[in-house]
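# Structural description and commentary
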Amino acid sequence: MMEFLCIDIMNSDRVDWQNAENPRDMLEDGKWLTELLEKWELEASSPIDTGSLKKLKALRKQMYAIVSQLSNGDALEINQLIEVNKILEDMSTHVRMDYKNNEFILGYSYIGQGWSLVIWHVAKSFADMLCNYGTTRIKICDNQNCGWAFYDQSKNKSRRWCDDKVCGNIMKVRRFRSRKKEKENE
Ligand SMILES: [Zn+2]
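Residues numbered from 1 in each chain as written. Predicted model: local features only at pLDDT ≥ 70, side-chain atom pairs only at ≥ 80, totals over all residues.

### Some thoughts on the overall build of the protein chain
Heads up, the condition is: Comment: elements are numbered from the N terminus, with helices defined as DSSP H or I runs of at least four residues and strands as E runs of at least two. Once C-beta atoms are placed from the backbone, each residue is buried if 20 or more other C-beta atoms lie within 10 Å of its own, exposed if 12 or fewer, and partly exposed for counts between those two.
The helix and strand tally for the protein chain stands at six helices and four strands. Ordered by position from N to C terminus, the α and β elements of the protein chain give α-α-α-α-β-β-α-β-β-α. Projected onto the principal axes, the alpha-carbon positions of the protein chain cover approximately 70 × 40 × 35 Å. Looking at the protein chain as a whole, 22% of its 186 residues qualify as buried.

### Comments concerning the nonpolar core
To keep it simple, the criterion reads: Any nonpolar core is a set of buried residues, restricted to Ala, Val, Leu, Ile, Met, Phe, Trp, Tyr and Cys, that join up through C-beta atoms within 7 Å. Two residues form a contact once the distance between their C-beta atoms, set from the backbone, is within 7 Å.
Counting residues in each nonpolar core, the largest one holds 34 residues, and the members touching the most others are C6 and V122. Among the secondary structure elements, those contributing two or more residues to this core are α1 (5-10), α2 (30-39), α3 (50-72), α4 (82-89), α5 (114-132), β3 (138-140) and β4 (149-151). Apart from the residues lying within four places of it in its own chain, the contact partners of V122 are L5, C6, I9 and L59.

### Considerations on the packing of α3 against α4
Helix-helix packing is described using two parameters, namely the angle between the two axes and the distance between the axes. Short version of the rule: To define axes, lines are fitted to C-alpha atoms, for helices over the stretch in contact only, and angles between the resulting N-to-C directions are given on a 0 to 180 degree scale. These descriptions rest on fixed angle ranges, namely under 35 degrees for roughly parallel, over 145 for roughly antiparallel, 65 to 115 for roughly perpendicular, and the rest for oblique. For a crossing to be left-handed, the near helix must be turned anticlockwise from the far one by less than a right angle; the clockwise case is right-handed. When residues are sorted by character, Ala, Val, Leu, Ile, Met, Phe, Trp, Tyr, Cys and Pro go into the nonpolar class, Asp, Glu, Lys and Arg into the charged class, and all the rest, Gly among them, into the polar class.
At a closest axis distance of 9 Å, the pairing of α3 and α4 adopts a crossing angle of 130 degrees. Overall, the two elements α3 and α4 adopt an arrangement that is oblique. Considering only the axes of α3 and α4, their crossing is left-handed. Contact residues: α3 offers A58, L59 and Q62, while α4 offers E83, V84 and I87. In terms of residue class, the contact of α3 with α4 is built from four nonpolar, one polar and one charged.

### Some remarks on the UniProt feature "domain: Zinc finger CGNR" (unreviewed entry) in the protein chain
For the record, the criterion: UniProt positions are given in the numbering used here, feature names are shortened, and annotations may be inferred rather than shown by experiment.
The UniProt feature table records "domain: Zinc finger CGNR" (unreviewed entry) at residues 137-180. Secondary structure across residues 137-180 divides into 39% helix and 14% strand, with the first and last C-alpha atoms of the span separated by 33 Å.

### With respect to the pairing of strand β2 (residues 103-110)
This is how the line gets drawn: One requirement defines pairing of two strands: DSSP has to find at least two bridges between them.
Taken across its eight residues, β2 has zero buried, putting it largely on the surface. Pairing between strand β1 (residues 93-100) and β2: eight bridges, direction antiparallel. The residue bridging H94 from the neighbouring strand is S109, located in β2.

### Describing the packing of α3 against α5
Orientation of α3 relative to α5, taken along the N-to-C sense of each, is 5 degrees, at an axis distance of 10 Å. Taken together, α3 and α5 sit at an angle that is classed as roughly parallel. Between α3 and α5, the residues in contact are S52, K55, L56, L59 and M63 and W115, S116, I119, V122, A123 and F126, respectively. Considered class by class, the residues forming the contact of α3 with α5 number eight nonpolar, two polar and one charged.

See below:
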């Protein structure tokens, strides 16, 4: 499965949609954040400071808005990228070449660290996804209660749900029920 750090962040306040009375924002859950950092091999202090949390939430909102529009087939305004670009431009990166075991490797080092670097990586993964992986595969789950962003890797780009087993099944059952109801009312 194709994974992007930015998608993990975008879906972080919709994790527990099946428990709708008890919505949770995972960005405020220290354990979830620690696991996220481990997964993406990033380092930052725990708990997250309030300034970084605010910045990360704002970035999440912007990214999600952009992806929703793309998913709907709506055109974007260039100024919607201002905030993401500001984060990208804030970080100085140095690139160098290495040579190990007969292979060349590009190595990156950054002037920032901690949460500002993590937030930069989130914005970078978003830029990378949109610039290098095509916008037609980036979608929002058809289950309105879910609303997860996902990357559609299917051959004909026909996937509609973030997860066929969860949302796909729920939607199929729901359609079946409404069709049954229609029949009963006939
Ligand atoms: Zn879903």
